[in-house]
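# Summary of the model geometry
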Amino acid sequence: MKKWLIASSVCLALILWLIVDIVLSLQQDQQTGLAEAQALAEAETGWKIVDQSRFHCDQTYFIFTMRDDQEQTVFAVVDEEGQVKTFAVDEHVQLSEEEAVLRLLTDRAYRTVKAVRPAYTNHELCWEIVAIDEEGRWHYVYYAMDNGQFIKRYTLEN
């Protein structure tokens, strides 16, 4: 009985160690990718990063909100190949963050809006709005920044 208890404890410790190792590995990969993308965006533009986010679509994109030399807001998108694309807000953004949320709430009834962040899909900037409906389902809704068109919605069931 004592051997069985010791063997079980060792197995449990190994499983916990593997889980912790995997989680730490994933976090390190995420931080490494973010640091590399940030360095690329700063080197390419020379502008100050104000905010950052990570977006997964057909590939991983890092999206940085930056301020240029004239203190204008610019979005910089860095893809997996290290290509940096910049979008000046005053030229490319016709739908503001607030207008996107209002459009979402007008289209459907949601209990809570959890987050609004810039995203990049179909080679265009969009707003990703994370909302929860009355049944507790999570919705990821996308509106194009340039014309306000609805792009897509993903729903996660409980």
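Now for a look at the structure at hand. (Residues numbered from 1 in each chain as written. Predicted model: local features only at pLDDT ≥ 70, side-chain atom pairs only at ≥ 80, totals over all residues. Heavy atoms only, no water.)

### Looking at the pairing of strand 6 (residues 124-132)
Among the nine residues of strand 6, eight are classified as buried, and the element is accordingly described as predominantly covered. As paired elements, strand 5 (residues 112-121) and strand 6 share nine bridges and run antiparallel to each other. Looking at strand 6, one finds that Thr121 is bridged to Glu124. Joining the antiparallel neighbours strand 6 and strand 7 (residues 138-144) is a turn of five residues, in which Gly136 adopts a positive phi near 85°. (Buried < 20%, exposed > 50% of the residue type's maximum accessible area, 1.4 Å probe, protein only. Helix = DSSP H or I, 4+ residues; strand = E, 2+ residues; numbered from the N terminus. Pairing = 2+ DSSP bridges.)

### Quick look at the nonpolar core
One finds Phe75, Val77, Leu104, Tyr120 and Leu125 to be the most contacted residues of the largest nonpolar core, which totals 23 residues. Elements with a minimum of two residues in this core: strand 2 (60-67), strand 3 (73-78), helix 3 (97-107), strand 5, strand 6 and strand 7. The leading source of residues in this core is strand 6, at five residues. One finds Leu34, Ala41, Phe62 and Val78 within the second-largest nonpolar core, a separate group that totals 10 residues. (Core = buried A, V, L, I, M, F, W, Y, C linked by side-chain atoms within 4.5 Å.)

### Thoughts on the side chain of Thr121
Among the structural elements, Thr121 can be located in strand 5. Polar side-chain contacts of Thr121 include one of 3.2 Å to the side chain of Lys152. Contacts of Thr121, omitting those with residues within four sequence positions, involve Phe55, Cys57, Cys126, Ile151 and Lys152. (Polar contact = N/O pair within 3.5 Å; in protein donor to acceptor, adjacent residues only side chain to side chain. Contact = heavy atoms within 4.5 Å.)

### So, the sheet that holds strand 4 (residues 84-88)
Read from one edge to the other, the open sheet built from four strands follows the order 1-2-3-4, with strand pairing classed as antiparallel. Looking at which strands have only one partner, the edges of the open sheet turn out to be strand 1 (48-56) and strand 4. Strand-to-strand, the axes of this sheet are offset by a mean angle of 20°, without reference to chain direction. With eight bridges connecting them, strand 1 and strand 2 associate as antiparallel partners. Residue Ile49 lies in a different strand from strand 2, and its bridge partner there is Met66. (Axes fitted to C-alpha atoms, helices over the stretch in contact; angles between N-to-C directions.)

### Structural notes on the pattern of salt bridges
All told, the structure shown has three salt bridges when counted by the stated rule. A salt bridge links Glu128 to Arg117; its shortest N-O distance comes to 2.6 Å. Placement of the pair is Glu128 in strand 6 and Arg117 in strand 5, with a sequence separation of 11 residues. With relative accessibility at 6%, the residue Glu128 sits in the buried group. Residue Arg117 is classed as partly exposed on the basis of its relative accessible area of 28%. The salt bridge involving Arg137 is made with Asp133; its shortest N-O contact spans 2.8 Å. (Salt bridge = Lys/Arg side-chain N within 4 Å of Asp/Glu carboxyl O.)

### A few points about the pairing of strand 7
For strand 7, the buried fraction is high: five of the seven residues fall into the buried class. Alignment of strand 6 against strand 7, held across seven bridges, turns out to be antiparallel. Opposite Ile129, over in strand 7, you have Val141 as the bridge partner. As paired elements, strand 7 and strand 8 (residues 150-156) share six bridges and run antiparallel to each other. Looking at strand 8, one finds that Tyr142 is bridged to Lys152. Between strand 7 and strand 8, which pair antiparallel one after the other, the connecting turn spans five residues, and Gly148 there sits at a positive phi close to 75°.

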